[in-house]
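# Structure at a glance
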Amino acid sequence: MELDLGSLLHTLIPTWNSVAVLGVYFGYLAIAGSILPGKVVSGVTLQDGSRLHYRCNGLLSLLLLVGLLGVGAQMEIVSATVISERGLELLSATFIFSVVVTMMLYVAGRLSKDKGSSLRPHVTGNLIEDWWFGIQLNPQFFSIDLKFFFVRAGMMGWLFINLSVLAKSIQNGTLNQSMILYQSFCILYILDYFFYEEYMTSTWDIIAERLGFMLVFGDLVWIPFTFSIQGWWLLRNNVELTTAAVIANCFVFLLGYMVFRGANKQKHDFKKDPKAPIWGKAPRVIGGKLLASGYWGIARHCNYLGDLMLALSFSLPCGISSPVPYFYPIYLLILLIWRERRDEARCAEKYREVWAEYRRLVPWRILPYLY
């Protein structure tokens, strides 16, 4: 036991190789995000009337990097399995990076004299709370919006971890139907995310959450390293699925995608044009502010339902022999219920009577007739 614990601790110690991998990765994303062509999207109007602008070239950046790494692997310049072989040290290096970056953000926020909405410091006086939730809304580094940058890095990191695990599975000769199903769902989901990257600019994290340890850790560590647990598990466990199980899994994924993408698209389109038709009809709007048509007339947080179904579909290829691969959907269920309660409280304070009317019209929070 002592030997196993010592070996585990040793693998958690970052090496210069893991630091180099992270440095090259972040460097590429910073350069590619700044120079590659992409649609420039205006963010929401902030309290001071200003608006940030986001270059949504994540899909091009991702595909270019995949291509470069593929060529590098063929030429044996880089190893396709490096992440799967150095996963724990990359995890610890990324965690340390998150802590250091958020400490720097805390100091920069405390020293800021900016009066604008993006950089005006929000200080409670509680060091832990200010470090955890952040002080500034949209801190930047060399004109790079860090909040947008980190979530992009996390989503791409999830894909590259999966691809490295896939390469390791092929190398080991253990590639099977379950791994292919899991990888296919994740690849489709992540590519879809970057295809609709502009929708991210209107999400709560981007428009309202300050950038502190909670978001940085969530983006850089939690998303890529915990959302890929199913792949790691399948790498070490052989799961044979029946045809019925495969069909059911595909159904859960497609239904979840339809709800998730449909709800987010409706909300995004409504914010751009409140008169845009929803399901072929004029939208029903409460108090001129809240959409109550389409998916948003079924449940107040219907996009969370789609997200939960997608998370479940990522775990179902692992079978039901262990709870480990279901960490992601279980965690997401807890997180989204907590977040939904936060959303409800904020919306009640912001919209008051309008929100009360919306709650009366749409009584269900996430799952109609159950919650």
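The rules we used
Residues numbered from 1 in each chain as written. Predicted model: local features only at pLDDT ≥ 70, side-chain atom pairs only at ≥ 80, totals over all residues. Heavy atoms only, no water. UniProt positions renumbered as here; feature names shortened; annotations may be inferred. Axes fitted to C-alpha atoms, helices over the stretch in contact; angles between N-to-C directions. Helix = DSSP H or I, 4+ residues; strand = E, 2+ residues; numbered from the N terminus. Left-handed = near helix turned anticlockwise from the far one by under 90°. Contact = heavy atoms within 4.5 Å. Nonpolar A, V, L, I, M, F, W, Y, C, P; charged D, E, K, R; others polar. Salt bridge = Lys/Arg side-chain N within 4 Å of Asp/Glu carboxyl O. Buried < 20%, exposed > 50% of the residue type's maximum accessible area, 1.4 Å probe, protein only. Phe/Tyr/Trp six-rings, centres within 6.5 Å; stacked < 30°, edge-to-face > 60°. Lys NZ or Arg CZ within 6 Å of the ring centre and 35° of its normal.

Going by what an unreviewed UniProt entry lists, the protein is known as Delta(14)-sterol reductase and is assigned to Linum tenue. The protein has a UniProt comment under Subcellular location (unreviewed entry) that states "Membrane". UniProt's Sequence similarities (unreviewed entry) comment on the protein is quoted here verbatim: "Belongs to the ERG4/ERG24 family."

### Let's talk about the packing of helix H3 (residues 58-74) against helix H7 (residues 146-172)
Viewed as axis vectors pointing N to C, H3 and H7 meet at an angle of 35 degrees, and their least axial separation amounts to 11 Å. When you trace H3 past H7, the crossing you get is right-handed. Residues Gly58, Ser61, Leu62, Leu65, Val66 and Leu69 of H3 form the contact with H7, whose participating residues are Arg152, Met156, Leu159 and Phe160. For the contact of H3 with H7, the class distribution of residues is 7 nonpolar, 2 polar and 1 charged.

### Some words on the pattern of salt bridges
On inspection of all chains with the given rule, the structure shows 14 salt bridges. For Glu344, the salt bridge is made with Arg300, and the minimal N-O distance between the two is 2.9 Å. Of this pair, Glu344 sits in helix H14 (residues 327-351) while Arg300 sits in the loop between strand S6 (290-291) and helix H13 (302-315), placing them 44 residues apart in sequence. The exposure class of Glu344 is buried, given its relative accessible area of 7%. Residue Arg300 is classed as buried on the basis of its relative accessible area of 4%. One salt bridge in this structure joins Arg359 and Glu344, with 4.0 Å as the shortest N-O distance. Placement of Arg359 in helix H15 (residues 353-361) and of Glu344 in helix H14 is noted, with a sequence separation of 15 residues between them. Here the salt bridges share partners, and the residues they tie into one network are Glu209, Arg342 and Arg346.

### Points about the packing of aromatic side chains
Where two aromatic rings form a pair, the distance of their centres and the angle of their planes describe that pair. Applying the stated criterion to the full structure yields 32 aromatic pairs. Seen from their ring centres, Tyr25 and Phe26 are 5.7 Å apart, and the 40 degrees between their planes marks the pair as tilted. On the basis of an interplanar angle of 80 degrees and a centroid distance of 5.3 Å, the ring pair of Trp158 and Phe227 is categorised as edge-to-face. Of this pair, Trp158 sits in helix H7 while Phe227 sits in the loop between helix H10 (213-226) and helix H11 (229-236), and the two are 69 residues apart along the sequence. Pair check on accessibility: Trp158 and Phe227 agree, each one buried. One aromatic cluster in this structure is built from Phe95, Trp131, Trp132, Phe213, Phe217, Trp222, Phe327 and Tyr331. The ring of Trp296 carries the charged tip of Lys267 above its face, separated from the ring centre by 3.8 Å.

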